[in-house]
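These are the residues of each chain, in order.
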Amino acid sequence: MNIYIQGMGCVSPQQTTDGPFLADIREYEIHRLKAVEPDYKQWIDLKLIRRMGRVVKMGVAAARLSLQEAAVTMPDAIITGTAYGCLDDTGVFLSKMISQQEEMLTPTAFIQSTHNTVGGQIALLLGCHAYNNTFVHKAFSFESALLDSIMILREGTVQHILTGGLDEITDHSHAILSRFGLYKQEPVRNTALLQSDTKGTIAGEGAAFFTLGTVMAAHTVAQLTGLTTLYRPADIPEITGALQVFLAAHACNAEDIDLLITGRNGDVDEDSAYEAITQALFPQTAVAGFKHLSGEYPTASAFATWMAARILQWQQLPQGILFSGAAPAKVRKILICNGYQGTHYSFILLNAI
Amino acid sequence: MADLKAQIVEQLNLQEVKPEDIGNDQPLFKEGLGLDSIDALELIVLLQQHYHIRIANPEQGPEIFYSVRSMAEFITAHQKQ
Amino acid sequence: MTGNVWIAGGGVICGIGAHLQACLEAFAHMQPGMQDMQYLRSIHRGVLPVAEVKADNAELAARASMPEHISRTALLSKIAADEAWASSGLGARGQYRVGFVSANTVGGMDKTEDFFADYLQQPPTGGRLQQVVHHECGSVTELVADAMGIRHHVSTISTACSSGANALMYGSRLIRNNIVDVVIAGGTDALTRFTLNGFNTLMILDPAACRPFDDTRTGLNLGEGAGYVVLVSDAIAATLSKGPWCRLSGYANANDAYHQTASSPDGTGNYLAMKGALEMSGLQPEDIAYINLHGTGTQNNDDAEGKAIQRLFAPHYPAMSSTKSFTGHTLGASGGIEAVFAALAVQEGIIYPNAHFTTPMKECPLVPATAFSSGNRIPHVMSNSFGFGGNCSSLVFSKQ
């Protein structure tokens, strides 16, 4: 049974909710890329918007866009992945709790802070009684949601699953994460990020949702062929070994990959792993990056998946994503090899239909 | 009641609703302004914060918060001096 | 996807016991765990009863063989996961492809809320980073996975009060899709000021001991703890010297899609979850011998759950009870803890008591069990977990 992406929606630091595919790349020279947000009122009633945090709105928008493209009004399951959850409301409730010393607190920020709020609100807006799950496992949050979707679709009892990955940045979260030394110390333009040779990356945020199905249709975007995750690999050989096993399981080898999209993020140490992997397995393959567009965050692989699927659908590479090699004439297979802080690797294989 | 309307709009983050748009006798819940049980809890805190009135039982909510007028009357009756 | 999924063992730590056997004794002697707050610092101490695990972090860390400064949520998780594995008799983990699927609702918030107070005093440099490094839900899971040497497949689920049950469903799918051979699945949550105050704003906490399914109920008591089952494939189950406890024969996850925190008056999500779980297990309602209720003790939940049970089970009601009347509502842990209780109920024929019950609800007069008994004929048990966001999950455990 094949799994197809029937429709997608993406809210990101690029203009991805409207207009041509990554045609006008936004340049930033800051360490925190903020999402380009659409007018949410087109999908969400004012009475509900007033309570929703930004990450919830981003998720709802991306979800709605993906259902629209797939021409699906009611999915048979809604499965979300978010590492940080609803940070803004968490921060608001925590701050009030502390400053007001646990007195006279109000419920809205608390109930909006729970990680399953995005999935819950989407279900509420659609009136969807179907399976609803939320994964909150760091850089595997989106991958777990995808895997859950694939396993359920394979059971043959449902037609369409709405799934996605999203995370937001808030002033507090950025300030705290910065203290861990994750981000660049010096100014860097995002379009030059992938070539950087210093420590640190830039922060991003966004939401990418996918309506998955098992029947190829006229509007099908791409095939989601395979997915696997690798936690705490000991060394590069373990990663390349796992990659080879993964590709073989999907009846292909490294030479069959037309485009390799890596999670290169400008951090010289993390990026050295991608250099090693590429040299070992993909010396002749065109290699692209995406984190100069999305920024780095635990569910950025959802953005990569969206980008890869569009490339397969329209057979065009957005300007500036190619890191090395020549753009292939035809793009039939894309492999996403994304890493996060050297401990979480995910491989996602997509085919053109 | 004008002050109360402004407080309601602020507490509930009612977007694109001006205090003067809320009728004195307009039902606040369900069809009227479309408020729900979470808003009722928010209003209970509003009463405590601004008017020092404690409501122990949230079930009293629908009656007290029926309209701005019923809220104002309740406040006048129970406000501690 | 093929094959059955079996329960090879289980572990629990919560407000009524430091381990599973201690919990059973508490049930047998009618000793609920809610009392005045002892460990958490909060202005609600002495006002809101809670069912805390009766141990401080130093003691928990010693039992867990983990550092004392890490989140209490992780410590509880490790203790229960260790007990679950030990009870399975599976031996060294290295022989299997092992997965760890743990649920929680607020990750390392017990530490974050301390950090945040310092941070807000002096942003952005205030507060010690060590306290916030494991804030994320997934980080708490990884602390435990790393300590247990599990890395083949690790994930975290957070769907409020149904989280733990969903962990078992995902774990079961991983086994049936041959991604892993064994999964430790369940959940954990430590009490935090964040959660306590959050629930307090919803005005659903009872200042007295909670009374699930009782007409006089006025709210829930929060608890804390962790509970995990060890799920295994057919092949592994066949190797167990004492045999498995039971089989995870059915499950379903449905969404109420009614309101963010309240259940629909007729309990639509609850009904769909229970019905779906029965359908998957191929059972009729009258085959269920015992229901471990979600039974938080709030007006709304018990009413909705009661109505859904009436709709599905009338006129043949099984024995039922809410173990939350003893353990309090353990949030992310509840689905896992109650899965252990439910699985054991099949193995040992247990019916758990419902504490503080005197008067059936006017709206639906269901009468829970009020005494502990074992050795009953319990071929099939249902466990309900219904949470915020309309997330409703139901599990069915069967002898074969």
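A. Up close: the overall build of chain A. Helix and strand counts for chain A stand at eleven helices and eleven strands. Overall, chain A is about 60 × 50 × 40 Å in size when its C-alpha atoms are taken along their principal axes. The buried share of chain A, taken over its 353 residues, is 59%.

B. Broad picture of the packing of helix α3 (residues 72–88) of chain C against helix α5 (residues 137–148) of chain C. Residue and element names in this part refer to chain C. In the contact formed by α3 and α5, the axes pass within 9 Å of each other and the chain directions differ by 40°. Accordingly, the angle class assigned to the pair α3 and α5 is oblique. Along this stretch, α3 crosses α5, giving a crossing that reads as right-handed. Contacts between α3 and α5 involve Thr 73, Ala 74, Ser 77, Lys 78 and Ala 81 on the former and, on the latter, Val 140, Leu 143, Val 144, Ala 147 and Met 148. Its residues assigned to classes, the contact of α3 with α5 shows seven nonpolar, two polar and one charged.

C. Representation of the domain arrangement of chain A. Residues and elements named next belong to chain A. Domain boundaries in chain A define domain 1 (3–213) and domain 2 (223–351). With centres defined by C-alpha atoms, the gap from domain 1 to domain 2 works out at 22 Å. Between domain 1 and domain 2, the contact holds 46 residues from the first and 37 residues from the second. Contributions of two or more residues to the side of domain 1 that touches domain 2 are made by β1 (3–11), α6 (141–154), β4 (160–167) and β5 (206–213). Here the side of domain 1 that touches domain 2 takes six residues from α6, the largest share from any one element. In the side of domain 1 that touches domain 2, the residues fall into 25 nonpolar, 15 polar and six charged.

D. Structural detail: the pairing of strand β3 (residues 131–135) of chain A. Residue and element names in this part refer to chain A. A large share of β3 lies buried, amounting to five of its five residues. Burial along β3 is two-sided: Tyr 131, Asn 133 and Phe 135 facing one way and Asn 132 and Thr 134 facing the other are all buried. Bridge count between strand β2 (residues 77–81) and β3: five bridges; the pairing is parallel. When the bridges of β3 are listed, Ile 79 appears paired with Asn 133.

E. Examining unusual backbone geometry more closely. Across the junction of Pro 123 of chain C and Pro 124 of chain C, the peptide omega takes the value -5°, indicating a cis bond. In this fold, Pro 124 of chain C is placed in the loop between α4 (109–121) and α5. Here Ala 251 of chain A, not a glycine, exhibits a phi torsion of approximately 55°, which is positive. Classification of Ala 251 of chain A as exposed rests on a count of 9 C-beta atoms within 10 Å. Although it is not a glycine, Asn 178 of chain C adopts a positive phi angle of roughly 60°. As for its placement among the helices and strands, Asn 178 of chain C is situated in the loop between α6 (163–176) and β4 (182–189).

F. Representation of the nonpolar core within the structure. Ile 7, Leu 168, Val 229, Val 230, Leu 231 and Ala 343 of chain C are the most contacted members of the largest nonpolar core, which totals 271 residues. With residues near it in sequence (within four places) discarded, Val 229 of chain C still touches Ile 7, Gly 10, Ala 84, Leu 168, Ala 185, Gly 186, Ala 339, Val 340 and Ala 343 of chain C.

G. Quick look at the interface of chain C and chain A. Listed by partner, the interface residues are 49 residues for chain C and 47 residues for chain A. Put simply, the parts of the chain that give the side of chain C that touches chain A at least two residues each are α4, α5, β3 (153–157), α6, α7 (193–201), β6 (246–255) and α9 (268–281) of chain C. Sort the elements by how many residues they give to the side of chain C that touches chain A and α7 of chain C lands first, with five residues. Partitioning the side of chain C that touches chain A into residue classes produces 20 nonpolar, 24 polar and five charged.

H. How the structure looks around the environment of Phe 140 of chain A. Mapped onto the elements of the fold, Phe 140 of chain A is located in the loop between β3 and α6. The exposure class of Phe 140 of chain A is buried, given the 31 C-beta atoms found within 10 Å. Separated by 88 residues in the primary sequence, Phe 140 of chain A and Thr 228 of chain A have C-alpha atoms spaced 9.8 Å apart. Among residues more than four places away in sequence, those in contact with Phe 140 of chain A are Thr 229, His 344 and Ser 346 of chain A together with Ser 155 of chain C.

I. Quick look at the pairing of β4 of chain A. Residues and elements named next belong to chain A. Of all eight residues in β4, eight are buried; the element is thus mostly enclosed. Where burial is concerned, the two faces of β4 agree: the one with His 160, Leu 162, Gly 164 and Leu 166 and the one with Ile 161, Thr 163, Gly 165 and Asp 167 are both buried. Taken together, the eight bridges between β4 and β5 define a ladder with antiparallel strand orientation. Its bridge partner lying in β5, Asp 167 is registered against Gly 206.

What counts and what doesn't
- Residues numbered from 1 in each chain as written.
- Chains lettered and ligands numbered in written order.
- Predicted model: local features only at pLDDT ≥ 70, side-chain atom pairs only at ≥ 80, totals over all residues.
- Helix = DSSP H or I, 4+ residues; strand = E, 2+ residues; numbered from the N terminus.
- Buried ≥ 20, exposed ≤ 12 C-beta atoms within 10 Å, placed from the backbone.
- Axes fitted to C-alpha atoms, helices over the stretch in contact; angles between N-to-C directions.
- Parallel < 35°, antiparallel > 145°, perpendicular 65-115°, else oblique.
- Left-handed = near helix turned anticlockwise from the far one by under 90°.
- Contact = placed C-beta atoms within 7 Å.
- Nonpolar A, V, L, I, M, F, W, Y, C, P; charged D, E, K, R; others polar.
- Domains from an automatic or database assignment.
- Pairing = 2+ DSSP bridges.
- Core = buried A, V, L, I, M, F, W, Y, C linked by C-beta atoms within 7 Å.

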